[in-house]
Amino acid sequence: PDVSVIETINPLENTIIPEDQTFKDLGYEDQTMGLFGENYFSYVFYASPDQAASQGAYMDLVLSHSDLLDFEQTGVTVILNDEVVGGLQLTEESPSIERINLVPGVLRRGINRLEVISDIVPYFTCYSSDILSTWVTVSETSIVHLPVSENKLDIGKNINLRDFPYMFLDSR
């Protein structure tokens, strides 16, 4: 019978990833959330094993928004790999830069998914869905900062199929 041995599933593992990457560097342009209610954007980025094990990662989210929002009820939630890492209440200041510290242990080596969710509520209850009067824009200049530092978390050994069958025979 035919046999396929897969040596690795993360070929970018030895690639050097810069500490600071803008959303534009990751291939994303400005994205505007517009309609009344919940809006959602998703971003994908890669973290090397050294970056995933380091502490001090953060994201500077650059936001601008309409002045016609109800700032008491409109907010932004940031989710990294299915875990909430930050929540922001918008203020009248626009544009604004909001720093969100990425919780150690949530950042994964390899591919990470960052989600930005906004619940947009207009200031006036006479909202017309035909007019784009309430909006929040996530700027392409937002930064994901992934340092490589001496303060590292133990996230386990990186075992892959290149070690087969010895991975089952050796004690690690």
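Read on for a plain summary of the structure. (Residues numbered from 1 in each chain as written. Predicted model: local features only at pLDDT ≥ 70, side-chain atom pairs only at ≥ 80, totals over all residues. Heavy atoms only, no water.)

1. Description of the overall build of the protein chain
When its secondary structure is counted, the protein chain shows 2 helices and 10 strands. Per-residue burial over the protein chain gives 40% buried out of 172 residues. Considering only intrachain contacts with a sequence separation of at least 6, the fraction spanning at least 24 residues in the protein chain is 81%. Of the roughly 10600 Å² that the protein chain leaves accessible, carbon and sulfur atoms contribute 51%. (Helix = DSSP H or I, 4+ residues; strand = E, 2+ residues; numbered from the N terminus. Buried < 20%, exposed > 50% of the residue type's maximum accessible area, 1.4 Å probe, protein only. Contact = heavy atoms within 4.5 Å. Areas by Shrake-Rupley, 256 points an atom, 1.4 Å probe, with all protein chains shown as cover.)

2. Side note on the environment of Arg 108
You can see Arg 108 is positioned in the loop between strand S7 (96-101) and strand S8 (110-120). Measuring from C-alpha to C-alpha, the distance between Arg 108 and Ala 53 comes to 8.3 Å, with 55 residues separating the pair along the chain. If we ignore the near neighbours within four places in the chain, the residues touching Arg 108 are Ala 47, Ala 52 and Asn 81.

3. Considering the packing of aromatic side chains
Per the counting criterion, the structure on display carries 2 aromatic pairs. Ring centres of Tyr 28 and Tyr 43 lie 4.9 Å apart, and the angle between their planes is 75°; this geometry places the pair in the edge-to-face category. A residue pair is termed long-range when its members are at least 10 positions apart, and Tyr 28 in the loop between strand S1 (20-22) and strand S2 (31-33) and Tyr 43 in strand S3 (residues 37-47) qualify at 15 residues. Of the two residues, Tyr 28 and Tyr 43, neither departs from the other in class, the shared state being buried. Site record: aromatic cluster; members linked through ring pairs are Phe 23, Tyr 28 and Tyr 43. Lying over the aromatic face of Tyr 58, Arg 99 brings its terminal NZ or CZ to 3.7 Å of the ring centre. (Phe/Tyr/Trp six-rings, centres within 6.5 Å; stacked < 30°, edge-to-face > 60°. Lys NZ or Arg CZ within 6 Å of the ring centre and 35° of its normal.)

4. Some thoughts on empty space enclosed by the protein
Following the criterion strictly, the structure yields 1 cavity of 30 Å³ or more and no others. Within this model, the largest cavity holds a volume of roughly 50 Å³. What lines the largest cavity is simply Ala 52, Ser 54, Gln 55, Gly 56, Ala 57, Leu 102, Val 103, Pro 104, Gly 105 and Leu 107. Of the residues belonging to the lining of the largest cavity, the class tally is 6 nonpolar, 4 polar and no charged. (1 Å grid on protein atoms, 1.4 Å probe; cavity = no way out; pocket = protein on both sides within 12 Å on 5 of 7 lines; lining within 4 Å. Points joined across faces, edges and corners; volume = space filled by probe spheres on them. Nonpolar A, V, L, I, M, F, W, Y, C, P; charged D, E, K, R; others polar.)

5. Section: the environment of Gly 34
Positionally, Gly 34 belongs in the loop between S2 and S3. Taking the C-alpha atoms as reference points, Gly 34 and Asp 119, separated by 85 residues in sequence, lie 9.9 Å from one another.

6. What about the pattern of salt bridges?
Tallying each qualifying case throughout the model produces 2 salt bridges. Residue Glu 140 is joined to Lys 24 by a salt bridge in which the shortest nitrogen-to-oxygen separation is 4.0 Å. Placement of Glu 140 in the loop between strand S9 (136-138) and strand S10 (143-145) and of Lys 24 in the loop between S1 and S2 is noted, with a sequence separation of 116 residues between them. For Lys 24, a relative accessible area of 53% gives the class exposed. (Salt bridge = Lys/Arg side-chain N within 4 Å of Asp/Glu carboxyl O.)

7. So, the side chain of Asn 81
Note on placement: Asn 81 falls in the loop between strand S5 (75-80) and strand S6 (83-89). Of note is the side chain of Asn 81, whose polar atom sits 2.7 Å from the side chain of Asn 112. The contact partners of Asn 81, leaving out residues within four places of it in the chain, are Val 106, Leu 107, Arg 108, Ile 111, Asn 112 and Arg 113. (Polar contact = N/O pair within 3.5 Å; in protein donor to acceptor, adjacent residues only side chain to side chain.)

8. Structural notes on the side chain of His 65
Looking at where His 65 falls in the secondary structure, it is placed in strand S4 (residues 58-65). For His 65, a relative accessible area of 4% corresponds to the buried category. Ignoring anything within four residues of it in the chain, the contact list for His 65 reads Phe 71, Leu 90, Thr 91, Glu 92, Glu 93, Ser 94, Trp 135 and Val 136.

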